[in-house]
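Below, each chain spelled out in residue letters.
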Amino acid sequence: NPKFAVFASGNGSNFQAIADAIGDGILQAEIVLVVSDKPQAYVIERARSMGVASFSFIPSEFDSKQLYEQMLKEKLQELGIDWIVLAGYMRLIGPVLLTAYEKRIVNIHPSVLPAFPGKDAIGQTMAAGAETAGVTVHYVDAGMDTGMIITQQSFAVLERGREEVEQQIHQIERELYPAALQQLFDQ
Ligand code: GAR
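This is a predicted model, so every value here is computed, not measured.

Reading the values: the criteria
- Residues numbered from 1 in each chain as written.
- Predicted model: local features only at pLDDT ≥ 70, side-chain atom pairs only at ≥ 80, totals over all residues.
- Heavy atoms only, no water.
- Helix = DSSP H or I, 4+ residues; strand = E, 2+ residues; numbered from the N terminus.
- Rg over C-alpha atoms; globule rule 2.2 N^0.38 Å.
- Buried < 20%, exposed > 50% of the residue type's maximum accessible area, 1.4 Å probe, protein only.
- Contact = heavy atoms within 4.5 Å.
- Core = buried A, V, L, I, M, F, W, Y, C linked by side-chain atoms within 4.5 Å.
- Pairing = 2+ DSSP bridges.
- Right-handed = clockwise from strand over helix to strand, strands pointing away.
- Phe/Tyr/Trp six-rings, centres within 6.5 Å; stacked < 30°, edge-to-face > 60°.
- UniProt positions renumbered as here; feature names shortened; annotations may be inferred.
- Expected span 1.5 Å × (residues − 1).
- Bend = angle between axes of the 7 residues up to and from the residue.
- Near = heavy atom within 4 Å.
- Polar contact = N/O pair within 3.5 Å; in protein donor to acceptor, adjacent residues only side chain to side chain.
- Areas by Shrake-Rupley, 256 points an atom, 1.4 Å probe, with all protein chains shown as cover.

Visitor: Any chance you could explain the overall build of the protein chain here in plain terms?
Guide: Helix and strand counts for the protein chain come out as six helices and seven strands. Reading the secondary structure of the protein chain in the N-to-C direction produces β-α-β-α-β-α-β-α-β-α-β-β-α. What you see for the protein chain is a C-alpha radius of gyration of 16 Å, in line with the 16 Å of a compact globule of 187 residues. Here the C-alpha coordinates of the protein chain stretch approximately 50 × 40 × 35 Å along the principal axes. Taken over 187 residues, the protein chain has a buried fraction of 46%. Of the contacts made within the protein chain by residues no fewer than 6 positions apart, 62% connect residues no fewer than 24 positions apart.

Visitor: Got a minute to help me understand the nonpolar core in this structure?
Guide: One finds Phe4, Phe15 and Tyr177 to be the most contacted residues of the largest nonpolar core, which totals 37 residues. For this core, the leading source of residues is helix H6 (residues 162-186), giving nine residues. Leave out the neighbours within four places in its chain, and Tyr177 touches Asn14, Ile18, Val85, Leu86, Ala87, Val106, Asn107, Ile108 and Val137. Counting residues in hydrophobic clusters, the runner-up holds 20 residues, among them Val35, Leu72, Ile84 and Ile105.

Visitor: I would appreciate a short explanation of the pairing of strand S5 (residues 105-109) in the present structure.
Guide: Looking along a regular strand, one sees side chains alternate from face to face of the sheet. Along S5, five of the five residues are buried, which leaves the element largely enclosed by surrounding structure. Pairing between strand S4 (residues 83-86) and S5: three bridges, direction parallel. Within the sheet, the bridge partner assigned to Leu86 lies in S5 and is Asn107. After leaving S4, the chain enters helix H4 (residues 95-100) and then returns to the sheet as S5, a path that is right-handed. Across four bridges, the pairing between S5 and strand S6 (residues 132-139) is antiparallel. Its bridge partner lying in S6, Val106 is registered against Tyr139.

Visitor: Would you mind showing me how to read the packing of aromatic side chains here?
Guide: Across all of its chains, the model carries seven aromatic pairs by this definition. Geometrically, the ring pair formed by Phe4 and Phe185 is tilted, given 5.6 Å between the ring centres and 40 degrees between the ring planes. Of this pair, Phe4 sits in strand S1 (residues 3-7) while Phe185 sits in helix H6; the two residues are 181 residues apart in sequence, bridging distant segments of the chain. Grouping residues by exposure puts Phe4 and Phe185 together as buried.

Visitor: Help me out: how do you make sense of the UniProt feature "binding site: N(1)-(5-phospho-beta-D-ribosyl)glycinamide" (unreviewed entry) in the protein chain in this one?
Guide: Feature annotation in UniProt places "binding site: N(1)-(5-phospho-beta-D-ribosyl)glycinamide" (unreviewed entry) on Gly12, Ser13 and Asn14, given in this structure's numbering. Considering the arrangement of structural elements, one finds Gly12 in the loop between S1 and helix H1 (13-23).

Visitor: What am I meant to see in H6 here?
Guide: Since the α-helix advances by 3.6 residues per turn, residues separated by three or four positions end up pointing in the same direction. Between its terminal C-alpha atoms H6 stretches 36 Å, which fits the 36 Å expected from 25 residues at 1.5 Å a residue. At Glu173, H6 shows its maximal bend, which comes to roughly 25 degrees. For H6, the set of buried residues is Val165, Ile169, Ile172, Glu173, Leu176, Tyr177, Pro178, Ala180, Leu181, Gln182, Leu184 and Phe185.

Visitor: Any chance you could explain the side chain of Ser36 here in plain terms?
Guide: Looking at where Ser36 falls in the secondary structure, it is placed in strand S2 (residues 30-36). For Ser36, a relative accessible area of 0% translates into the label buried. In this structure, Ser36 is in contact with Ala8, Ser9, Ala41, Val43, Ile44, Phe55, Ser56 and Phe57, ignoring residues within four places of it in sequence.

Visitor: For this particular structure, what's the right way to read the site of the ligand?
Guide: Neighbouring the ligand are Asn11, Gly12, Ser13, Asn14, Gly88, Met90, Ile108, His109, Pro110, Asp145, His170 and Glu173. In this structure, His109 approaches the ligand through a side-chain N or O atom, which is 3.1 Å from a nitrogen atom. One nitrogen or oxygen atom from the side chain of Glu173 is found 2.4 Å from an oxygen atom belonging to the ligand. Within the complex, 88% of the 450 Å² of free accessible area of the ligand lies under protein. Put simply, the parts of the chain that give the shell around the ligand at least two residues each are H1, S5 and H6.

Put into structure tokens, the structure is as follows:
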């Protein structure tokens, strides 16, 4: 089975969905490590209660992105990790990890890319009065949410407010990401 790390900065609902999909046999792979750039993130709590190893670090304690990515790369390689799965990891990936994990880093983003890249994509979608909202799973490159698209799912916003749109996005994410990962790992 492919081994992967989940990188997350926050709540970890996508980590939870992926871990649940593995538990349910929907996704045949192993989450070896949860990595967070925020030691207080709730995802660390979730990992603990799921019995998944976690590791957090504080980027500002390193002199450069190159140095902390070098440290992460060594850790991942020691553990035999094949893939990096970003799930609400709110940092750009730099050349060290992009080179070590070429075509092996994926991300989920709460918009129909290329529309609304970057932070608070749902807020951007609502503020723009967009007719369509959705979710994208894509490969990660050096840009902000610019990598090759793997799969997308969209829906009509209609007259709904942010809360309802956000709920639907999270519901789509919970199913779309595990399914997309299974397809990728099968290739
Ligand atoms: C998710 O909605 C994910 O698509 C988004 O952050 C949320 C993380 O939620 N990611 C981005 O905006 C990346 N640019 P979670 O911590 O509950 O999985």
